[in-house]
Amino acid sequence: SHLYVAKGCDDPKCDHYDKGQVVSQLTSENLDYIFVALGTGQAVEQQGKNRVDYGLPGHQAQLLKDVLDNNVHGKPVILLLFTGSAIDISFADSDPRVSAILECFLPAQATGHALLRVLRNQGPHASPAGRLPFTWYKQQSDFGDINDYSMAGKTYRYLPDHVTPLYPFGFGLSYASFDYSKLEVNAT
């Protein structure tokens, strides 16, 4: 198997984007899959540094659109997101040319090996649990001002009836099947 890599952006802020480098890698007939890694990183969000924009940083959305528009051989496109929180990917979710979206959060040094095992479903602990620990909004207007710390209109418990999240709390898939039975709750 071959691995073709196109950097696209210099860093997660993606202020500078090389479309030519990205598109040139899509012409090979040897491609089996196209992985697009996007997200925020600590340069964009971290504890004590809130994002002010819900969108993908810089030219990242354009990078994904260019991959989708120039995928001349129709290979499956898998979007890998590296973020500390939800981000506006509604355009990717609704585009049938995106075969899968995997939220990786902000992982550590063994990320490459872990992702390879998960994507190939290889070895013990390779099956992703796939349960989101938060509500993923469709757009920034769904949750209001980021500096408003009240819970009104936020989280799955307080969403207004007119707001449908992109992915609700607990959303996700796994390679495994689950069956819950004989559950009990003890009164305390």
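For the structure, check the block above.
*Asks:* Please set out the nonpolar core residue by residue, giving values where relevant.
*Replies:* Val-36 and Trp-136 are the most contacted members of the largest nonpolar core, which has 30 residues in total. Residue assignment for this core shows that the elements contributing at least two residues are β1 (34-39), α2 (60-69) and β2 (77-82). Ranked by residues supplied to this core, first place goes to α2 with four residues. Here Trp-136 is in contact with Tyr-54, Leu-81, Ala-86, Ile-87, Ile-89, Glu-103, Pro-165, Leu-166 and Tyr-167, once residues within four sequence places are set aside.

*Asks:* Please set out the sheet that holds β1 residue by residue, giving values where relevant.
*Replies:* What the three strands build is an open sheet, ordered β1-β2-β3; its pairing is parallel. In this open sheet, the two edge strands, each paired with only one partner strand, are β1 and β3 (98-103). Neighbour-to-neighbour, the strand axes of the sheet open up by a mean angle of 20 degrees, direction not taken into account. Relative to β2, β1 is paired through six bridges, and the arrangement is parallel. In the sheet register, Leu-38 faces β2, and the bridge partner there is Leu-81. Sheet contacts for α2: β1, β2 and β3; angle to β1, the most-contacted strand, approximately 170 degrees. Packed on one face of the sheet, helix α4 (residues 111-120) meets β1, β2 and β3 and runs near 140 degrees to β2.

Calculation notes
Per-chain numbering applies: the sequence of each chain, read as written, is numbered from 1 onward. Residue-level local features of this predicted model are given only where pLDDT is at least 70; pairs of side-chain atoms are given and counted only at 80 or more, and the full residue set underlies all totals for whole chains, interfaces and linings. Note that water and hydrogens are dropped before the side-chain values are worked out from all heavy atoms of the structure. Nonpolar core, defined: a set of buried Ala, Val, Leu, Ile, Met, Phe, Trp, Tyr and Cys residues in which side-chain atoms within 4.5 Å join the residues together. A 1.4 Å probe rolled over the protein chains alone gives each residue an accessible area, and that area as a share of the maximum for its type sets the label: buried under 20%, exposed over 50%, partly exposed in between. Only DSSP runs of H or I with at least four residues qualify as helices, and only runs of E with at least two residues qualify as strands; both kinds are numbered from the N terminus onward. Residues are treated as being in contact if the distance between any of their heavy atoms lies within 4.5 Å. Whether two strands pair depends on DSSP finding at least two bridges between them. To get an axis, a line is fitted to the C-alpha atoms, and for a helix only the part in contact is used. The angle between two axes follows their N-to-C directions and goes from 0 to 180 degrees.

By themselves these figures say nothing about function.
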